[in-house]
Amino acid sequence: MKQRSAEILCIGTEILMGDIINTNAAYIAKELAGLGINVYHQSVVGDNPQRLKESLALAFSRADIVITTGGLGPTYDDLSKETIAAYFNRKLVMDEESLHAIECHFLRLNRVMTDNNKKQAMMPEGCVIFANHNGTAPGCAIEGEGEQQGKTAIMLPGPPREMKPMFEQGVKPFLLKDSDTRLVSHTMHFFGIGESMLESILHELMEESTNPTVAPYAKTGEVQLRVTARVKQGEDAEALLQPVMEQIKEKVGEFLYGIDVGDLQTAAVRALKEKNLHVAVAESCTGGYVAKRITDVSGASDVFECGICSYSNRIKHQILGVKQETLDTFGAISEETAREMAEGVRRISGAEIGVSVTGNAGPQASEDKDVGLVYIGVDSDHFKKVFMLHVNRKDQDARETIRYLASSHALSLILKAVELSAQ
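Residues numbered from 1 in each chain as written. Predicted model: local features only at pLDDT ≥ 70, side-chain atom pairs only at ≥ 80, totals over all residues. Heavy atoms only, no water.

A. Structural view of the overall build of the protein chain. Broken down by element type, the protein chain carries 14 helices and 17 strands. Taking the principal axes of the C-alpha coordinates as reference, the protein chain spans close to 80 × 55 × 40 Å. With 423 residues in all, the protein chain has 50% of them scored as buried. Total accessible area on the protein chain is roughly 20600 Å²; 49% of this is exposed by carbon and sulfur atoms. (Helix = DSSP H or I, 4+ residues; strand = E, 2+ residues; numbered from the N terminus. Buried < 20%, exposed > 50% of the residue type's maximum accessible area, 1.4 Å probe, protein only. Areas by Shrake-Rupley, 256 points an atom, 1.4 Å probe, with all protein chains shown as cover.)

Dropping the structure here:
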């Protein structure tokens, strides 16, 4: 069977103007990859029928499936259905079931339904309709006939809270009915090694791996490898994936902090939960960044005791117990202060692991310490150490980058402390 390809076409002048961030394309692309459907192009077009018609023709010239988001609302400028239906030579007809669903939606909200909402129930003849359980605009799919044979348009609403459930519940089953292959991926997360070094070590393996493929993705301060296998429906993808992943672990496993974990903070919270451990953090230059990232993770309350934002030396001394002599002799940005901050927050909280961050995020030097100099301390029964970092990238957002990288190193040390725990 011919490998299918899709193009994502997001509709909305507000996207072009930068008023909203286009997260729909990223979500749909990832979901299509999991279905074994290639995406080679993504486009954005404003709410203009002529430009939409041109974009649609271009998209179908290079893809079998075009998935649109947006333009299904009740107002005059919501013309996606009209334009796409005309491309397929289909008339719009009232779908009574969709109309009833829209009426029920307004009744549940105790709001008056205006006449222009009926427009959303007008659907292209012969289309497959996807119910909207989170809004008013139903989606639909049109499969081409005649000159458009083999072409499919899928129209989805723009709001992600409506689009995502519709894709999951309606579009996925629709696309899978004709598919005999699927893509299965695992994401391997690495910290403490750069993309160029990782690629250099794994270069031969990455070149030789065709199924599964191995693709690197750089993020701020870390690298991901996506290992993807293409298999027929019913075949075991893990039989292809696991041997390659084991080879990667053998070469760079010391930098691997998780598989399919999402990010460092999620990995840290999961690791703490698994060993029933708790952490507390004392932060200076990061200003609560480490605590924020930990508490961004659902379930962090089971493992996170407290975060103390000890920006001033007075708080370092009075709350955390950093000796005044230490501050006077070595300064706030020092190995000695970082060590006592970690010990202090652990003592105050009763947590098994205490972590501290102190440094200079800039933009000017402080205490004669260079911008980007950061000390991170960790204190636990089995892991007591202070690390010195130089993380000034000297870019436009240097201060934010330094704070983010410092928080990432702190999270990495939490993982290390958990790993070394005897529990």
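Right, picking up where we left off after that structure.
B. Expanded view of the sheet that holds strand S15 (residues 353-359). Spatial ordering of the open sheet is given by S14-S13-S15-S16-S17, a layout of five strands whose pairing is mixed. One side of each edge strand has no neighbouring strand; the edge strands of this open sheet are strand S14 (304-309) and strand S17 (384-390). Each strand of the sheet is rotated relative to its neighbour by a mean of 10°, with strand direction disregarded. By the bridge criterion, five bridges tie strand S13 (residues 279-283) to S15 in an arrangement that is parallel. If you follow Val 281 over to S15, its bridge partner there is Val 355. Along the sheet, helix H13 (residues 335-349) makes contact with S13, S14, S15, strand S16 (373-379) and S17, crossing S15 at roughly 145°. (Pairing = 2+ DSSP bridges. Axes fitted to C-alpha atoms, helices over the stretch in contact; angles between N-to-C directions. Contact = heavy atoms within 4.5 Å.)

C. Looking closely at the packing of aromatic side chains. For the structure shown, the criterion picks out seven aromatic pairs. For the ring pair Tyr 27 and Phe 167, a centre distance of 5.9 Å and an interplane angle of 80° mean the geometry is edge-to-face. Taken together, the residues span a long stretch of sequence, with Tyr 27 in helix H2 (residues 24-34) and Phe 167 in helix H6 (residues 160-176) at a distance of 140 residues. Take Tyr 27: its relative accessible area is 17%, and that puts it in the buried class. Measuring from ring centre to ring centre gives 5.7 Å for Phe 60 and Phe 88, while their planes differ by 85°; the resulting arrangement is edge-to-face. Separated by 28 residues along the polypeptide, Phe 60 in helix H3 (residues 49-62) and Phe 88 in the loop between helix H4 (80-87) and strand S4 (92-94) bring together distant segments of the chain. Judged by its relative accessible area of 5%, Phe 88 falls in the buried class. An aromatic cluster of three or more residues is present, and its members are Phe 60, Tyr 87 and Phe 88. Just above the ring of Phe 174 sits the side chain of Lys 177; from NZ or CZ to the centre is 4.8 Å. It is Arg 226 that lies over the ring of Tyr 217; its NZ or CZ is 4.7 Å from the centre. (Phe/Tyr/Trp six-rings, centres within 6.5 Å; stacked < 30°, edge-to-face > 60°. Lys NZ or Arg CZ within 6 Å of the ring centre and 35° of its normal.)

D. Quick look at unusual backbone geometry. The peptide bond linking Asn 211 to Pro 212 adopts the cis configuration, its omega dihedral lying at 15°. In this structure, Pro 212 sits in the loop between helix H7 (195-208) and strand S10 (213-219). If you check the backbone angles, Asn 89 has positive phi at about 55° while not being a glycine. With respect to the helices and strands, Asn 89 occurs in the loop between H4 and S4. If you check the backbone angles, Asn 276 has positive phi at about 55° while not being a glycine. Turning to its location among the elements, Asn 276 is positioned in the loop between helix H9 (264-274) and S13.

E. Main features of the side chain of Thr 152. With respect to the helices, strands and loops of the structure, Thr 152 is situated in strand S8 (residues 152-156). On the basis of relative accessibility, which here comes to 11%, the residue Thr 152 falls in the buried class. Setting aside its immediate chain neighbours within four residues, Thr 152 contacts Phe 60, Asp 64, Ile 65, Val 66, Phe 88, Ile 142, Glu 143 and Phe 174.

F. View of the environment of Pro 49. With respect to the element layout, Pro 49 can be found in helix H3. On the basis of relative accessible area, Pro 49 is assigned to the partly exposed category, the value being 37%. Residues Pro 49 and Gly 135, spaced 86 residues apart in sequence, show a C-alpha to C-alpha distance of 24 Å. Discounting chain neighbours no more than four positions away, the residues touching Pro 49 are Leu 79 and Thr 83.

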